[in-house]
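Tertiary structure, described
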Amino acid sequence: MTLVEAGYTARHLSVLEGLEAVRKRPGMYIGSTDSRGLMHCLWEIVDNGVDEALAGHCDRIEVELHPDGSVEVRDNGRGIPVDVEPKSGLAGVELVYTKLHAGGKFGGGSYSASGGLHGVGASVVNALSARLDVETRGQEISFRRGVTGIFDGEGPTAKFKKKSGLREGGKLPKNVTGTRVRFWADKQIFLPDAEVSLDEIHVRLRQTAFLIPGLTLAVTDSRHEERVEEEFRFDGGISEFTEFLARDEPVCDVLRLQGMGHFHETVPVLDDQGHMTPTEVQRELTVDVAVRWGKGYESTVRSFVNVISTPKGGTHLTGFERGLVRTINELLRETRLLKNGDDPVTKDDISEGLTGVVTVRVPEPQFEGQTKEVLGTSAATRIVSHVVSRELKELFANPPRGFKQPLRAVLEKIVAAAKARIAAREHRDNQRRKSVLENSALPAKLVDCRNDAVDRSELFIVEGDSALGTAKLARDSEFQALLPIRGKILNVQKASVSDMLKNAECAAIIQVVGAGSGRSFDIEAARYGKVILMADADVDGAHIRCLLLTLFHRYMRPMVEAGRVFAAVPPLHRIELTNPGRGKEKYIYCYSDAELQKVLRDLERRGKRWKDPVQRYKGLGEMDADQLAETTMDPRHRILRRVRIEDAEGAEGIFNLLMGSEVAPRREFIVSSAAEVDRDHIDA
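Positions within a chain are numbered from 1, following the residues in the order the chain's sequence is written. Per-residue local features are limited, in this predicted model, to residues with pLDDT of at least 70; the limit for side-chain atom pairs, both in listing and counting, is 80 or more; totals at the level of whole chains, interfaces and linings are taken over all residues. Side-chain metrics in this entry use all non-hydrogen atoms of the structure; hydrogen atoms and water are not considered.

Here is the rule we go by: UniProt positions are given in the numbering used here, feature names are shortened, and annotations may be inferred rather than shown by experiment.
For the protein chain, an unreviewed UniProt entry supplies the name DNA topoisomerase (ATP-hydrolyzing) and the organism Nonomuraea cypriaca. Under the UniProt heading Catalytic activity (unreviewed entry), the entry covering the protein chain gives this text: "ATP-dependent breakage, passage and rejoining of double-stranded DNA."

Below you can see the structure in the form of structure tokens.
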């Protein structure tokens, strides 16, 4: 059967024009229609103001979240042109907000470097908004789902009348330049739970303030009764940003590596007749890098292009890494810290304790996709690598006053990391060979399961030998394994790697999980599909659970990221009913003091009686096997809390606060939280 015979003709073809395509396929332009996509819309508007700041025409940007769900962005830049564009016959501001690929960032003289490249940001936000208002240069214009018109009232549900053209604006003061944009996200497009995150706004505005010294960025959250205001401004630039990101003591103060390079590329350029003509142009790419080595082991490197974050890196980050690795190896050979025949140091060796910010500015960079997460400009690799190499060599050859010894210490730290890596590799190789020969005996205290299927097996890390005895009787030995630990394990947030490996409890856990630790951790080698932390339902149990989570977060983080680490939730109280009624449960389990009081009040209201005193479990060992199985171990009845890392930075901060070596921030947290704990106790 042919297509014609099947009735497939030209009338079945559709052509989506203008903003219709955006509304039909929003994910192509903003990635998704959840909160992430909504935040992308906000950044498209904010970045227009940031581009004005990059061009030197703006020093303040304000974001306000309104109670009706709308978002407003104001800047004091030059404003969007309001005169008529000859070809379209539309005012500049209407052209920018209603036509795809319209803007001032296509190689003209308006912007030498900007985050907006495709001319679709403002128009995409307009297409996906139930209402969008723009005020600029004393003029105001409104849109509904991309259509120009006038609203009779506030909000997107106000009466709308299609009418093109600008009108006199009145929201911005007469003496204030710039642009005010307010938009209401279209509920027909975005998911019901999509919302703007104040925390994400704080992170992004703080980051931008670091990247553009002298620019003030303010945010006001008016969505709730208590108005929240925050303002960011940093004059120290990326050097200050690097210090902000660093979480350890410095080996050497921040090093600044700056330079530029030129390259040629062929791009379409508008000629005098308005036609796009392939033209070879010379580009200038400026590089600004800040690096700092600390005494810790974690690495944090952020990369940016024209102030736009590139979380997945790209050619500029590749150039940074290549230049760093090549130059450090050359310096190590010159200083004889690496001998002839020694293996060269690797990127991982150099990255231990490294905090860095890599920024480049270039006209019309090539990104992979509208979301701009990866830079694709190929010349950036060569230029960034050259700048990093040249500037590092100059710093080591002619160190500033007070830097000679710290720079030497950086090289010594890198060599020490390389030696530790090589020693660990040799140890691992020896252990693997030993495993093959001796079948790798696991700790004697491990009570293993019979099932070898990883996806079904569970490892319970149990607090104490008494709880272990009960758990042996309560478990399903087919797929549930038990590993007892003795009290509170080592606080690995404060300890070194060697101290952690020397600790019997930590070493046993890592050995039983069977996937290694730290950077060598291989989740595919893990012996169990779930790791369940089973501690008493009291303060000591919570502390032990926190110590175990610290171990997993620091040395077996992929298990947490994969959602394979859980916390068991054992009950705290058991109520024994004396008159449960025929066929009714005799026992009721409560998991907190507040829940106990609530259940007792409910039982009293229903005329139920119970045995006094109510049993309070001091530990898991006080339960018999049936009770432990029913409440904590049997998959049919138990409650598990999955441990997740939604935001790695936030998790790292919490672990540093609660478990780190800095006492002052922890004391401040305890004092500031005491009132809240007391209030919760009173409410309960």
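**Digging into helix H15 (residues 539-555)**
Convention followed: Numbering goes from the N terminus for both helices and strands, where a helix is a DSSP run of H or I of at least four residues and a strand is a run of E of at least two. Working rule for helices: expected span equals 1.5 Å times residues minus one. Think of it in three bands: residues with accessible area under 20% of the maximum for their type are buried, residues over 50% are exposed, and the middle band is partly exposed, with areas taken using a 1.4 Å probe on protein chains only.
Taking 1.5 Å per residue as the helical rise, H15 with its 17 residues ought to reach 24 Å, and the 24 Å between its terminal C-alpha atoms agrees with that figure. Gly541, Ile544, Arg545, Leu547, Leu548, Leu549, Thr550, Leu551, Phe552, His553 and Tyr555 are the residues of H15 that are buried.

**A closer look at the packing of helix H12 (residues 465-474) against helix H18 (residues 625-633)**
To keep things clear, this is the line we draw: Note on geometry: axes are C-alpha line fits, over the in-contact stretch for helices, and angles between N-to-C directions span 0 to 180 degrees. Orientation categories follow fixed angle ranges, with anything under 35 degrees roughly parallel, anything over 145 roughly antiparallel, 65 to 115 roughly perpendicular, and all other angles oblique. Whether two residues are in contact is decided by their heavy atoms, any of which lying within 4.5 Å being enough.
Interaxial distance between H12 and H18 falls to 8 Å at its minimum, and their mutual angle equals 80 degrees. As judged from the angle between their axes, H12 and H18 are roughly perpendicular. Between H12, through Thr470, Ala471, Leu473 and Ala474, and H18, the contact on the second element is made entirely by Ala625, Leu628, Ala629 and Met633.

**Considering the sheet that holds strand S21 (residues 587-590)**
Defined as follows: Here, strands pair whenever DSSP counts at least two bridges between them.
Sheet architecture is open: three strands sit in the order S21-S20-S22, paired in antiparallel fashion. The open sheet is flanked by S21 and strand S22 (615-616), the only strands paired with a single partner. Where strand S20 (residues 573-576) lies against S22, two bridges are found, and the strand directions are antiparallel. Of the residues in S22, the one forming a bridge with His573 is Arg616.

**Structural notes on the pairing of strand S17 (residues 480-485)**
Heads up, the condition is: Crossovers are described as right-handed under a simple rule: with the strands pointing away from the observer, the path leading from the first strand over the helix to the second runs clockwise.
Among the six residues in S17, six count as buried, and that is most of the element. Here S17 shows two buried faces, one formed by Gln480, Leu482 and Pro484 and the other by Ala481, Leu483 and Ile485. Alignment of strand S16 (residues 458-463) against S17, held across six bridges, turns out to be parallel. Looking at S17, one finds that Glu463 is bridged to Ile485. In terms of handedness, the path from S16 via H12 over to S17 forms a crossover that is right-handed.

**Notes on the nonpolar core**
Our working definition: The set of buried Ala, Val, Leu, Ile, Met, Phe, Trp, Tyr and Cys residues whose side-chain atoms join them within 4.5 Å is what this entry labels a nonpolar core.
Of all hydrophobic cores here, the largest spans 59 residues; its most connected members are Leu42, Val63, Tyr97, Val134, Ile201 and Leu205. Sorting elements by how many residues they give to this core places helix H3 (residues 35-54) first, with 10 residues. Sequence-distant contacts of Leu205, defined by excluding residues within four places in its chain, comprise Trp43, Val46, Val63, Leu217, Ala218, Val219 and Phe232. Membership of the second largest hydrophobic core comes to 43 residues, among which are Leu324, Ile350, Leu375 and Leu392.

**Notes on the sheet that holds strand S19 (residues 565-568)**
Ordered by their spatial adjacency, five strands build an open sheet running S17-S16-S18-S19-S23, and the pairing between neighbours is mixed. Of all the strands in the sheet, just S17 and strand S23 (640-642) have a single pairing partner and so form its edges. For this sheet the average axis-to-axis angle between neighbouring strands, irrespective of direction, equals 25 degrees. Against the sheet, H12 makes contact with S16, S17 and strand S18 (530-534), and its axis sits at roughly 170 degrees relative to S17, the strand it touches most. Along the sheet, H18 contacts S16, S17, S18 and S19; its crossing angle with S18, the most-contacted strand, is approximately 120 degrees.

**A look at the packing of aromatic side chains**
Ring pairs (aromatic) are described by centroid distance and by the angle formed between their planes. The cut-off we apply is this: The rule is short: rings of Phe, Tyr and Trp, with Trp giving its six-membered ring, pair when the centres are within 6.5 Å, and they are stacked under 30 degrees, edge-to-face over 60, tilted in between.
All chains considered together, the criterion is met by six aromatic pairs. Judged by centre distance (4.8 Å) and plane angle (55 degrees), the ring pair of Phe151 and Phe160 falls under tilted. By relative accessible area, which is 8% here, Phe151 ends up buried. Relative accessible area serves as the criterion here: at 15%, Phe160 is assigned to the buried category. Pairing Phe241 with Phe304 gives two aromatic rings, centres 6.0 Å apart and planes at 45 degrees, and the pair type is tilted. One end of the pair, Phe241, is in helix H7 (residues 237-245); the other, Phe304, is in strand S13 (residues 300-305), with 63 residues separating them in the sequence.

**Some words on a negative patch on the surface**
Formally: The residues that make up patches have over 30% relative accessible area and no salt bridge, and they are joined within 9 Å when like-charged or within 5 Å when they are Val, Leu, Ile, Met, Phe, Trp or Tyr. Under the convention used here, a 1.4 Å probe and the Shrake-Rupley method define accessible areas, while residue burial counts only the protein chains that appear. Think of a salt bridge as a Lys or Arg side-chain nitrogen and an Asp or Glu carboxyl oxygen that are within 4 Å of each other. In this tally Asp and Glu are treated as negative and Lys and Arg as positive; neither His nor the chain ends contributes. To locate a charge, take atom NZ for lysine, CZ for arginine, CG for aspartate or CD for glutamate.
A cluster of acidic side chains, namely Glu585, Asp624, Asp626 and Glu630, defines a negative patch on the protein surface. Examined against the element boundaries, Glu585 turns out to sit in the loop between S20 and S21. Under the relative-accessibility criterion, Glu585 is labelled exposed at 59%.

**A closer look at the packing of helix H6 (residues 198-211) against H7**
So the rule is basically this: In this classification, Asp, Glu, Lys and Arg are treated as charged, Ala, Val, Leu, Ile, Met, Phe, Trp, Tyr, Cys and Pro as nonpolar, and every other residue, Gly included, as polar.
Contact geometry for H6 and H7: axes closest at 7 Å, N-to-C directions at 135 degrees. Comparing their axes, H7 and H6 come out oblique. Each of Arg206, Gln207, Phe210 and Leu211 in H6 lies in contact with H7, whose residues at this interface are Gly237, Ile238, Glu240, Phe241 and Phe244. When its residues are assigned to classes, the contact of H6 with H7 shows five nonpolar, two polar and two charged.

**Examining a nonpolar patch on the surface**
On the surface, Ile654, Leu658, Phe669 and Ile670 cluster together into a nonpolar patch covering about 350 Å² of accessible area. Breaking the nonpolar patch down by element, the ones donating at least two residues are helix H19 (648-659) and helix H20 (663-683). Here Ile654 lies in helix H19. Classification of Ile654 by relative accessible area gives partly exposed; the value is 46%.

**Brief notes about unusual backbone geometry**
Omega for the bond connecting Asp612 with Pro613 falls within 30 degrees of zero, at -5 degrees, which places this linkage in the cis form. Along the chain, Pro613 falls in the loop between helix H17 (593-605) and S22. Positive phi outside glycine occurs at Arg137, with the angle close to 50 degrees. Checked against the element boundaries, Arg137 lands in the loop between strand S3 (129-136) and strand S4 (139-144). You will see that Arg336, though not glycine, has its phi angle at about 65 degrees, which is positive. Relative to the helices and strands, Arg336 is located in the loop between helix H8 (315-334) and helix H9 (347-351).

**Focus: the environment of Gln139**
The condition that has to hold: Pairing of N or O atoms within 3.5 Å defines a polar contact, subject to two protein rules: one partner must be a possible hydrogen donor and the other a possible acceptor, and residues neighboring in sequence count only if both atoms are side-chain atoms.
Turning to its location among the elements, Gln139 is positioned in strand S4. Since its relative accessible area comes to 19%, Gln139 is described here as buried. Each C-alpha atom, one on Gln139 and one on Ile80, is 9.9 Å from the other, the two residues being 59 residues apart in sequence. With residues up to four places along the chain from it excluded, the contact list for Gln139 reads Val82, Val134, Leu166, Arg167, Glu168 and Gly169. Here Glu168 takes part through its side chain, which lies 3.1 Å from a polar atom of the side chain of Gln139.

**Points about the side chain of Ser389**
Relative to the elements of secondary structure, Ser389 occurs in helix H10 (residues 379-397). Not counting the four nearest positions on each side in its chain, Ser389 is found in contact with Gly323, Arg326 and Thr327.

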